[in-house]
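# Remarks on the overall topology
Chain by chain, the residues:
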Amino acid sequence: MIGIVGIIVVFVMVFGGYLAAGGKMGIILKSLPFEMTMIIGAAVGAFLIANDVAGVKHTLKDVSKVFKGPKWKPEDYKDLLCLLFELIRIARRNPVELEPHIEEPADSAVFSRYPKILADKESVNLICDTMRSASMNYDDPHQVEEVLGKRIEANAHHAEHSSHALQTIADGLPALGIVAAVLGVIKTMGSIDQPPEILGKLIGGALVGTFLGVFLAYGFIGPFAARVKSVTDDEAHFQGLIREVLVANLHNHSVNICIEVGRQNTPSHVRPSFSELEEALKDTKQAAA
């Protein structure tokens, strides 16, 4: 919602200020289709050259994050802590009993209580792979923490592709605007014998290209790139929470302490309160009984 408000503010302030200063929209509207075709078309072509099919799909999908915000909400972090609590309890009680849950999470009664988390394959794999390794005596907390850190870092690097791709487009748009403007000047020079009022309109139309390139770069695509990066950085905390809890488990802390370590390392804007988490864990125990 805030993204839509931002777009409206950009349009109102820029064009409202232009009209308030006595500007006329006629020359902009007349040149807009041609300048947009050149600038947007060249930007899309450059984007396709610079990215493979997977990168294009990834970027187009991530643009929605500008309006939707982070995938993981406060209740999802609470659910994740409850899920980890239940899995660690099972592992402590009977490691053999844990095996079907981590080998076939889709069929697990534990994972099925948290469908949103279950639908995120990488988060589920991160949990299952780590707990499976621990069951095979690969349980050095420092080594596991390092491995998880590298894996999460690689995931974050992949997730940032969209923001980098959008920022590259934003960086190139002003130059593409100049290209469109130069073509407009070339067109104007072909009509140099025309009266000043006609030449003025032709030059004004050419300058629309420069305006559009800068306007789209700094008013939209650049902020889109920044917002996508902010959201992906925020979402990375979800996997970071998994690492904190599972590493604490390898240090043989009590189950409640492991979960509290995770809660304390959750960003403040999505962190459940101690009482909220206690109530959720109580419900989890009752559901598992």
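This text goes with the structure placed above it.
Every chain begins its residue count from 1, and numbering advances along the sequence as written. This being a predicted model, a pLDDT of at least 70 is required before a residue's local features are given, and a value of 80 or more before pairs of side-chain atoms are given or counted; all residues contribute to the totals for chains, interfaces and linings. Excluded from the side-chain calculations are hydrogens and water; all other atoms, namely the structure's heavy atoms, are used.

To continue, consider the overall build of the protein chain. For the protein chain, the count of helices and strands is 13 helices and zero strands. Going residue by residue from the N terminus, the α and β elements of the protein chain occur as α-α-α-α-α-α-α-α-α-α-α-α-α. Computed over C-alpha atoms, the radius of gyration of the protein chain comes to 27 Å, more than 25% over the 19 Å expected from 2.2 N^0.38 for 289 residues, which places it beyond the range of a compact globule. Each principal axis of the C-alpha distribution contributes one length, and for the protein chain these read about 90 × 35 × 30 Å. A run of H or I in DSSP counts as a helix once it spans at least four residues, and a run of E counts as a strand once it spans at least two, with each numbered from the N terminus. Note on method: radius of gyration uses C-alpha positions; expected globular size equals 2.2 Å times residues raised to 0.38.

Any carboxyl oxygen of Asp or Glu within 4 Å of a side-chain nitrogen of Lys or Arg constitutes a salt bridge here. For the coordinates displayed, the defined rule picks out 14 salt bridges. Here Lys65 makes a salt bridge to Glu235, at a shortest N to O gap of 3.1 Å. Here Lys65 is found in helix α4 (residues 65-68), whereas its partner Glu235 is found in helix α11 (residues 196-250), with 170 residues between them in sequence. Take Lys65: its relative accessible area is 15%, and that puts it in the buried class. Here's how the labels work: a residue is buried when its accessible area is under 20% of the maximum for its type, exposed when over 50%, partly exposed in between, all with a 1.4 Å probe on protein chains only. Look at Glu235 and you get buried, because its relative accessible area is 15%. A salt bridge links Glu97 to Arg93; the nearest nitrogen and oxygen atoms lie 3.1 Å apart. Linked by salt bridges that have partners in common, Glu103, Glu122, Asp129, Arg132 and Arg151 make up one network.

This part takes up the packing of aromatic side chains. Put simply, two rings from Phe, Tyr or Trp (the six-membered ring, in Trp's case) pair if the centres are within 6.5 Å, and we call them stacked under 30 degrees between planes, edge-to-face over 60, tilted for the rest. All told, the structure shown has 10 aromatic pairs when counted by the stated rule. When the ring of Phe11 is compared with that of Phe15, the centres are 5.9 Å apart and the planes differ by 15°; the resulting orientation is stacked. Remark: Phe15 and Phe11 occur in helix α1 (residues 2-20); sequence separation between them is four residues, near one turn of the helix. Looking at Phe15, the relative accessible area reads 16%, which means it is buried. Between Tyr77 and Phe238, the aromatic rings sit 5.3 Å apart at their centres with planes inclined by 75°, giving edge-to-face as the arrangement. In this pair, Tyr77 sits in helix α5 (residues 74-93) while Phe238 sits in helix α11, placing the two residues 161 residues apart along the sequence.

In helix packing, the relevant descriptors are the interaxial angle and the interaxial distance, both defined with respect to the helix axes. At their nearest, the axes of helix α8 (residues 121-135) and helix α9 (residues 141-159) sit 12 Å apart, and the two run at 165° to each other. Taken together, the axis directions place α8 and α9 in an arrangement best described as roughly antiparallel. As for the relative orientation of α8 and α9, their crossing is right-handed in sense. Together, Glu122, Asn125, Leu126, Asp129 and Thr130 of α8 and Val144, Leu148, Arg151, Ile152 and Asn155 of α9 make up the contact between the two elements. As a working rule, the residues Ala, Val, Leu, Ile, Met, Phe, Trp, Tyr, Cys and Pro are called nonpolar, Asp, Glu, Lys and Arg charged, and the rest polar, with Gly in that last group. For the contact of α8 with α9, a count of residues per class yields four nonpolar, three polar and three charged. Only the stretch in contact is used when fitting a helix axis, every axis being a line fitted to C-alpha atoms; angles between N-to-C directions are given from 0 to 180 degrees. Any angle between 65 and 115 degrees counts as roughly perpendicular, while under 35 counts as roughly parallel, over 145 as roughly antiparallel, and the rest as oblique. By definition, any crossing whose near helix is turned counterclockwise from its far helix by less than a right angle is left-handed, and any crossing with a clockwise turn is right-handed. In what follows, a contact means two residues having at least one pair of non-hydrogen atoms within 4.5 Å.

So, about the layout of surface pockets. Residues are called lining when one of their atoms sits within 4 Å of a cavity or pocket point, these points coming from a 1 Å grid over the protein atoms alone, where a cavity is a set in which a 1.4 Å probe fits but cannot get out and a pocket is an open set with protein on both sides within 12 Å along at least five of seven lines. Grid points are joined across faces, edges and corners, and a volume is the space filled by probe spheres set on the points. By volume, the largest pocket amounts to about 780 Å³. Considering the residues around the largest pocket, the lining is formed by 25 residues, among which Asp62, Lys65, Lys71, Asp120 and Glu235 are closest to the centre. Mapped onto the lining of the largest pocket, the elements with two or more residues apiece are α3 (53-62), α4, α8, α9 and α11. Considering only residue class, the lining of the largest pocket consists of seven nonpolar, eight polar and 10 charged.

The subject of this paragraph is the environment of Asn137. Residue position: Asn137 is located in the loop between α8 and α9. Given a relative accessible area of 63%, Asn137 falls into the exposed group. Taking the C-alpha atoms as reference points, Asn137 and Lys229, 92 residues apart in sequence, are found 37 Å from one another.

Once that is clear, we can look at a positive patch on the surface. A contiguous patch of positive charge on the surface is contributed by Lys24, Lys30, Lys187 and Lys201. Lys30 gets classed as exposed once you look at its relative accessible area, which sits at 65%. Residues enter patches when they are more than 30% accessible in relative terms and free of salt bridges; like-charged ones are connected within 9 Å and nonpolar ones (Val, Leu, Ile, Met, Phe, Trp, Tyr) within 5 Å. Per-residue accessibility takes into account occlusion by the displayed protein chains alone, with areas from the Shrake-Rupley method and a 1.4 Å probe. Positive charges are assigned to Lys and Arg, negative charges to Asp and Glu, while His and the chain termini are left out of the count. The atoms used to mark charge sites are NZ of Lys, CZ of Arg, CG of Asp and CD of Glu.

Attention shifts here to a nonpolar patch on the surface. A contiguous nonpolar patch, built from Met1, Ile2, Ile4, Val5, Ile8, Val9, Val12, Met13 and Phe67 and spanning about 880 Å² of accessible area, is present on the exposed surface. Broken down by element, the nonpolar patch gets its largest block of residues, seven residues, from α1. Tracing the chain through its elements places Ile4 in helix α1. Judged by its relative accessible area of 42%, Ile4 is partly exposed.

The next point concerns the state of the cysteines. Here, a disulfide means two cysteine sulfur atoms that sit within 2.5 Å of each other. Considering all chains together, one arrives at zero disulfides under this definition. Its sulfur unpaired, Cys82 is 14 Å from the next cysteine sulfur, which belongs to Cys258.

For the rest of this paragraph, the subject is the nonpolar core. In summary, soluble globular proteins display a tendency toward joint burial of nonpolar side chains. Leu80, Leu83, Leu87, Ile127, Met131, Val245 and Ile259 are the most contacted members of the largest nonpolar core, which has 41 residues in total. Contributing elements (two or more residues each) for this core: α5, α6 (95-103), α8, α9, α11, α12 (255-264) and α13 (274-288). Take this core: its biggest share by element is 11 residues, from α5. In this structure, Leu83 is in contact with Val110, Phe111, Tyr114, Ile117 and Ile127, ignoring residues within four places of it in sequence. Counting 16 residues, the second largest nonpolar core, distinct from the first, contains Val56, Ala165, Leu173 and Phe215. Each nonpolar core is a collection of buried residues, namely Ala, Val, Leu, Ile, Met, Phe, Trp, Tyr and Cys, held together in the definition by side-chain atoms within 4.5 Å.

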